[in-house]
Amino acid sequence: DVKVTQSSRYLVKRTGEKVFLECVQDMDHENMFWYRQDPGLGLRLIYFSYDVKMKEKGDIPEGYSVSREKKERFSLILESASTNQTSMYLCASSLYPRGPYNEQFFGPGTRLTVL
Amino acid sequence: ELKVEQNPLFLSMQEGKNYTIYCNYSTTSDRLYWYRQDPGKSLESLFVLLSNGAVKQEGRLMASLDTKARLSTLHITAAVHDLSATYFCAVVGADRGSTLGRLYFGRGTQLTVWP
């Protein structure tokens, strides 16, 4: 089974803090994704990566950065957390860019609260 | 940019009844996914629909895809309480982002099944 893990299930931070959310997948997947999920808005893509050290902006990259130094690990960084970044953050991975195997597998999520 | 619309966004139904959730998308795509999310949990893949006319069934859920109409349906037969969850459809787009495995998500349908 594909396993995608996230470093924390719940996180509480203060405004202005630098926040790191870590995601690790154990199935040698090429692609990794970070989403945020807010009530009524569904999933919105923040950043994704299709290879080590590669990254692409999603729909809402402002206020976030990412790092992918190793294939299995994709980190989301909030340089200076703000209250409007309070949300559920979901990491996902997929095997190939195209073909039937680009189904995305999701981690358990990190519920971040910024006070 | 590809837009994905689901309706209804909220669905309350009695056990034993049938209903259909609709997923429309705005540009060409040949691949569509349905995911389920239980409260407080992550997304779990239900179906992958790969071609026009594809139909998949699992228990009381049946999904279909009409690529010409840009429409997928998720049909619920004789609903039971265990089906209560939020259901998302997600579509692979035809832009550069899709070549990197990007999915576009609908806002989700929150289904509640009551006795």
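See the structure above.
Residues numbered from 1 in each chain as written. Chains lettered and ligands numbered in written order. Predicted model: local features only at pLDDT ≥ 70, side-chain atom pairs only at ≥ 80, totals over all residues. Heavy atoms only, no water.

Caption draft 1: Inspection of the nonpolar core at higher detail. Residues and elements named next belong to chain B. The biggest cluster of nonpolar side chains holds 26 residues, and the ones touching the most others in it are Val 4, Leu 32, Trp 34, Leu 74, Ile 76, Tyr 87 and Leu 111. Secondary-structure elements contributing two or more residues to this core are β2 (10-14), β3 (19-25), β4 (32-37), β5 (43-49), β7 (61-66), β8 (71-76), β9 (85-92) and β11 (109-114). What Tyr 87 contacts, discounting residues up to four positions off in sequence, is Gln 6, Ile 21, Tyr 35, Arg 36, Leu 46, Leu 61, Leu 74, Gly 108, Thr 109 and Leu 111. (Core = buried A, V, L, I, M, F, W, Y, C linked by side-chain atoms within 4.5 Å. Buried < 20%, exposed > 50% of the residue type's maximum accessible area, 1.4 Å probe, protein only. Helix = DSSP H or I, 4+ residues; strand = E, 2+ residues; numbered from the N terminus. Contact = heavy atoms within 4.5 Å.)

Caption draft 2: Structural detail: the sheet that holds strand β7 (residues 64-70) of chain A. Residue and element names in this part refer to chain A. Across the sheet, which stays open at both edges, the four strands sit in the order β1-β3-β8-β7 with antiparallel pairing between neighbours. Looking at strand neighbours, the two that pair on one side only are β1 (4-6) and β7, the edges of this open sheet. With direction set aside, neighbouring strand axes in the sheet form an average angle of 20°. (Pairing = 2+ DSSP bridges. Axes fitted to C-alpha atoms, helices over the stretch in contact; angles between N-to-C directions.)

Caption draft 3: Representation of the pairing of strand β11 (residues 110-114) of chain A within the structure. All names here are of chain A. With burial as the criterion, only one face of β11 is covered, namely that bearing Thr 110, Leu 112 and Val 114; the residues Arg 111 and Thr 113 on the opposite face remain uncovered. With three bridges joining them, strand β9 (residues 87-94) and β11 adopt antiparallel strand pairing. Within β11, the residue paired with Tyr 89 across the bridge is Thr 110.

Caption draft 4: Region of the structure containing the state of the cysteines. Residues and elements named next belong to chain A. Enumeration according to the criterion identifies two disulfides over all chains in this entry. Through a disulfide, Cys 23 is tied to Cys 91; the S-S separation comes to 1.8 Å. The disulfide joining Cys 23 to Cys 91 has a torsion of about -75° about its S-S bond and is therefore left-handed. Placement of the pair is Cys 23 in strand β3 (residues 19-25) and Cys 91 in strand β9, with a sequence separation of 68 residues. Residue Cys 23 is classed as buried on the basis of its relative accessible area, which comes to 0%. (Disulfide = S-S within 2.5 Å.)

Caption draft 5: Representation of the environment of Leu 49 of chain B. All names here are of chain B. Here Leu 49 shows up in strand β5. Note: C-alpha distance between Leu 49 and Leu 32 (17 residues apart in sequence) is 5.2 Å. Beyond its immediate stretch of four places on either side in the chain, Leu 49 contacts Asp 30, Arg 31, Leu 32, Trp 34, Ala 54, Val 55, Lys 56, Ala 63, Ser 64, Leu 65 and Ser 72.

Caption draft 6: Representation of the side chain of Thr 86 of chain B in the model. Take Thr 86 of chain B: it is sitting in strand β9. Setting aside residues up to four positions removed in sequence, Thr 86 of chain B forms contacts with Tyr 35, Arg 36, Gln 37, Gly 108, Thr 109 and Gln 110 of chain B.

Caption draft 7: A look at the interface of chain A and chain B. Taken together, the contacts link 26 residues of chain A with 25 residues of chain B. Both sides together, the interface formed by chain A and chain B hides about 2,100 Å², and carbon and sulfur atoms give 48% of it. At the surface where chain A touches chain B, the tally comes to zero salt bridges. Only β4 (31-38) and β5 (42-49) of chain A provide two or more residues apiece to the side of chain A that touches chain B. Here the side of chain A that touches chain B is composed, by residue class, of twelve nonpolar, nine polar and five charged. (Buried area = accessible area lost by both parts, 1.4 Å probe. Salt bridge = Lys/Arg side-chain N within 4 Å of Asp/Glu carboxyl O. Nonpolar A, V, L, I, M, F, W, Y, C, P; charged D, E, K, R; others polar.)

Caption draft 8: Spotlight on the environment of Val 55 of chain B. Residues and elements named next belong to chain B. Looking at the element boundaries, Val 55 is found in strand β6 (residues 55-58). Exposure remark for Val 55: the relative accessible area of 51% places this residue in the exposed category. Placed eleven residues apart in sequence, Val 55 and Asp 66 show a C-alpha to C-alpha distance of 9.6 Å. Among all residues touching Val 55, those that are not within four sequence positions of it are Leu 49, Met 62, Ala 63 and Ser 64.

Caption draft 9: Broad picture of the packing of aromatic side chains. Evaluated as defined, the whole model comprises nine aromatic pairs over all chains. Aromatic pair Phe 106 of chain A and Tyr 35 of chain B: ring centres 5.4 Å apart, planes at 85°, arrangement edge-to-face. On the criterion of chain membership, the pair formed by Phe 106 of chain A in strand β10 (residues 105-106) and Tyr 35 of chain B in strand β4 is interchain, its members lying in two chains. Like Tyr 35 of chain B, Phe 106 of chain A is buried. The rings of Phe 33, Tyr 35, Phe 48 and Phe 106 of chain A together with Tyr 33, Tyr 35 and Phe 105 of chain B are connected pair by pair, giving a single aromatic cluster. (Phe/Tyr/Trp six-rings, centres within 6.5 Å; stacked < 30°, edge-to-face > 60°.)

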